[in-house]
Every structure is written in structure tokens, then in C-alpha cells.
Amino acid sequence: MKHFRALLPVYLVAAVIYRGEPAVAQTPVQVVSKGREEATGTPEGQDLESKRAESTKRLAVAQRALDSSSSNGSPPPDRIADDVKHRKQLDLLISQQQTEEDRAHDLASAKTELGARLESLRTAGPAEEEPFSFLLLDQLRDELAEELVQSENNAAATALAQASVEQAKTAHEENERARRRAKTALEASADERAAARLASDLARARLESEASGELLKLREKQLANQQLVNESHELHLTFLREKVQLVGENTAFSEADLHERLLDFDKQEFTLQEELTSVQAELDYAQQQWTSARREFDFGAE
């Protein structure tokens, strides 16, 4: 019994870590009983705002436990510091999930807008006046070429997001197995002296499992958003392809097109002339350096 009284503060800290509640006077048996309970975690379907509030509350409790354990100047126990670290990680993951949900809303709105533009193109045709200019046609073709390159980037981003989901899923499954092993070990133990350690192990395993579960949810949201990006991109590609077709069927070379082409030629000529001047200057400098080096060499040889 003296052994349990000496470890009573440790039991109280373990209770704070496990339950995320303010410490109150409890007997070792009560602490072990709490350690035997099933992990509650965060209810499925709980909105992120309330989940974030609950996470912040639990982090504050864990931080108070950490501050209290180190108030006498001694280093805090590793398990308490680990608890604060995991609570901070959870809080960050939930915040990132909220960011992804906000992004999903924006992406869905953009997709709806693209769908409306495509429908308008199909029913009313291009917004520009007919006959369409060759300049407009060239611009559309250039934009389409750029978007086709972006398709490859989107495919790579999707593959990466899918791999991240699989990796997070594997890690979470492993953490869940570790949590179940810790729970079984606590329930099967008849050694009261090991109860606090086993309860602390279970609390840590639960936190790690909860964190990996939230990471998996984050990765799934990121993948879903990437799929929304892909869908919007496909709508934009369809819009550009159909507009190129419609504009190409009724295009006339106008005086404005001619003027624009001449301006482009003038700009290209000016750019080429600048580059030529720069290259010539570099060549002259190199020639001077070579001549100087050759003179020094010849002088030294004499």
C-alpha cells in the first residue's frame, strides 16, 4: 500500500492523459478502471468546428498537466510530454481538415461555374462577335495546349494523393492493432503494480491511433479535392475544345488581326535584336580576355 500511495500522483496524471479531464482525487483502483474502458475518441460525423473545440480543450488540459508536473523544476515525465505533443498534432490535423473542407466548397463552386459556362457555350455559342478573329483562335489553341500539359500534372498529383491515402491507411491499421494489444494487455493483467504503466501505454496507443485516424481523414479529403480539381479541369478542356471547334468554323482574317500580327513580329524582332547585342557584347569581352591572356603568356615566354 505504501507503494501505491507513493505512486498516487503518477496515477492521477495517467488519468488526466487518458480522459482529458481535470485531475481529481482518485484511488488507484479507480484509475485502473478508467484505463480498462474502451477508447471513446471523437464521434464519427461530428462537425469539424465542434471537433476542433474539443481538441483544443483536451490540449489545454494536457498542457496544464505538463506545466504542473514540471513546476518544481524537474523534467516532466516523457509520457506527459508525449501526450501534449500528440494533442498538438491532433489539433493541427483537425485544422488542416477544416482547410480542406473550405477548399472543397470553393472547388465545387468553381466546377458548377465551369459547367454553366459550358452549357452556355452549347446553347448560345461563343460570347465574342462573329466572324471570329484568327487571333482569338490562336489564343484558344494556346490555352488548350497549356491545359493539356496541366492534365499530366493533375494525373501525377492524383497518383501522389492516392499513395498518401494508402500510406496513411496502413499506418492507422498498425496503430489500431497496437491499441488493441495494449487494451488486451491491460485487461488481462492481474498485477496492480503494472496497472499504471499498462494504463499509460493504452492511453498513448489510443492517442497515436486517434492521430493516425485523423491523418487518414485528412489524406482522404485531399484526394477528394484533387478529384474535384480533375473534374473541373476536364470541364475546362471540354469547353476549350468545343469553343475552338465553333470559332474555327467561322473565322475571318481581319485588319485588326493583321495589325496584331505585325505588332507581334515587331516585338519578336526587338527581342532578337536585344539578344544579339548581348551575345555580341559577351563575345567581344571574351575576345579581349583571350587577347590579354595571350599577351601575358607571350611576354612570360620571352
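In this numbering scheme, every chain counts its residues from 1 along its sequence in written order. Local features in this predicted model are restricted to residues of pLDDT 70 or higher, and side-chain atom pairs are both shown and tallied only at a pLDDT of 80 or more, whereas totals for entire chains, interfaces and linings draw on every residue. Here the side-chain values reflect all heavy atoms present in the structure, with hydrogen atoms and water set aside.

Engineer: I would appreciate a short explanation of the side chain of S212 in the present structure.
Structural biologist: Following the sequence through the fold, S212 ends up in helix 7 (residues 195-248). Here a polar contact means two N or O atoms within 3.5 Å. Within protein one must be a hydrogen donor candidate and the other an acceptor candidate, and residues neighboring in sequence count only if both atoms are side-chain atoms. Side chain to side chain, S212 and N175 meet in a polar contact 3.2 Å long. By definition in these notes, contact holds between two residues if any of their heavy atoms fall within 4.5 Å. Residues contacting S212, with those up to four places away along its chain left out, are A171, H172 and N175. Only runs of H or I of at least four residues qualify as helices and only runs of E of at least two qualify as strands under DSSP, and these elements are numbered from the N terminus.

Engineer: I'm lost on the side chain of Q97 in this one. Help?
Structural biologist: When you line up the elements, Q97 lands in helix 5 (residues 78-124). Here the term buried applies to any residue with accessible area under 20% of the maximum for its type, exposed to any over 50%, and partly exposed to those in between, with areas from a 1.4 Å probe on protein chains only. Look at Q97 and you get buried, because its relative accessible area is 1%. A distance of 2.7 Å separates a polar atom in the side chain of Q97 from a polar atom in the side chain of E214. In contact with Q97, not counting residues within four places along its chain, are L48, K51, E214, K217, L218 and K221.

Engineer: Whenever I open this one, the nonpolar core confuses me. Can you help?
Structural biologist: Generally speaking, soluble globular proteins have nonpolar side chains that are buried together. Put simply, buried Ala, Val, Leu, Ile, Met, Phe, Trp, Tyr and Cys residues joined by side-chain atoms within 4.5 Å make one nonpolar core. Formed by L118, L121, F132, L136, L137, L140, L144, L237, F239, L240, V244 and V247, the largest nonpolar core amounts to 12 residues. Secondary structure elements with two or more residues in this core: helix 5, helix 6 (134-188) and helix 7. In terms of residue count, the dominant contributor to this core is helix 7 (5 residues).

Engineer: Got a minute to help me understand unusual backbone geometry in this structure?
Structural biologist: Residue P131 follows E130 across a cis peptide bond; omega there is -5°. Its location among the elements puts P131 in the loop between helix 5 and strand 1 (132-133).

Engineer: Please clarify how the environment of A159 should be interpreted in this entry.
Structural biologist: Relative to the helices and strands, A159 resides in helix 6. Owing to a relative accessible area of 41%, A159 belongs among the partly exposed residues under this scheme. Sequence separation between A159 and Q226 is 67 residues; the distance between their C-alpha atoms is 9.9 Å.

Engineer: Would you mind showing me how to read the pattern of salt bridges here?
Structural biologist: Take a side-chain nitrogen of Lys or Arg and a carboxyl oxygen of Asp or Glu: if they are within 4 Å of each other, that pair is a salt bridge. If you walk through the whole model with that rule in mind, you get 14 salt bridges. When the shortest N-O distance is used, the salt bridge between E101 and K221 registers 3.0 Å. In this pair, E101 is assigned in helix 5 and K221 in helix 7, connecting sequence segments 120 residues apart. The structure contains a network of salt bridges with shared partners spanning E174, R177 and R181.

Engineer: Explain the environment of A108 to me, please; I cannot follow it from the model alone.
Structural biologist: Relative to the assigned elements, A108 resides in helix 5. Distance in space between the C-alpha atoms of A108 and V229 is 8.9 Å, their sequence separation being 121 residues.

Engineer: Could you clarify how one ought to interpret the confidence of the model for the protein chain in this entry?
Structural biologist: Keep in mind that low pLDDT regions are not for reading the predicted coordinates in detail. Residue-level confidence of the predictor is what pLDDT reports, using numbers from 0 through 100. With 77% of its residues at a pLDDT of 70 or more, the protein chain has an overall mean of 80. When pLDDT is averaged over each element of the protein chain, helix 6 comes out on top at 95 and helix 3 (residues 28-35) at the bottom at 38. A low-confidence stretch, residues 1-40 stays under pLDDT 50, and its non-local contacts, those more than four residues away or across chains, total 59 contacts.

Engineer: Explain helix 4 (residues 48-69) to me, please; I cannot follow it from the model alone.
Structural biologist: Residue pairs three or four apart in sequence face the same way in an α-helix, which turns once every 3.6 residues. The end-to-end C-alpha distance of helix 4, which contains 22 residues, comes to 31 Å, matching closely the 32 Å that a straight helix rising 1.5 Å per residue would cover. Here helix 4 has its buried residues at L48, K51, S55, R58, L59, V61, A62, A65, L66 and S69. For helix 4, the angular spread of the buried residues around the axis is 160°, confining them to a single face. Exposed residues lying more than 90 degrees from the buried face of helix 4 are E49, K57 and S68. For a helix, the expected span equals 1.5 Å multiplied by the residue count minus one. Summarising the geometry, the arc corresponds to the directions from the helix axis toward the C-beta atoms.

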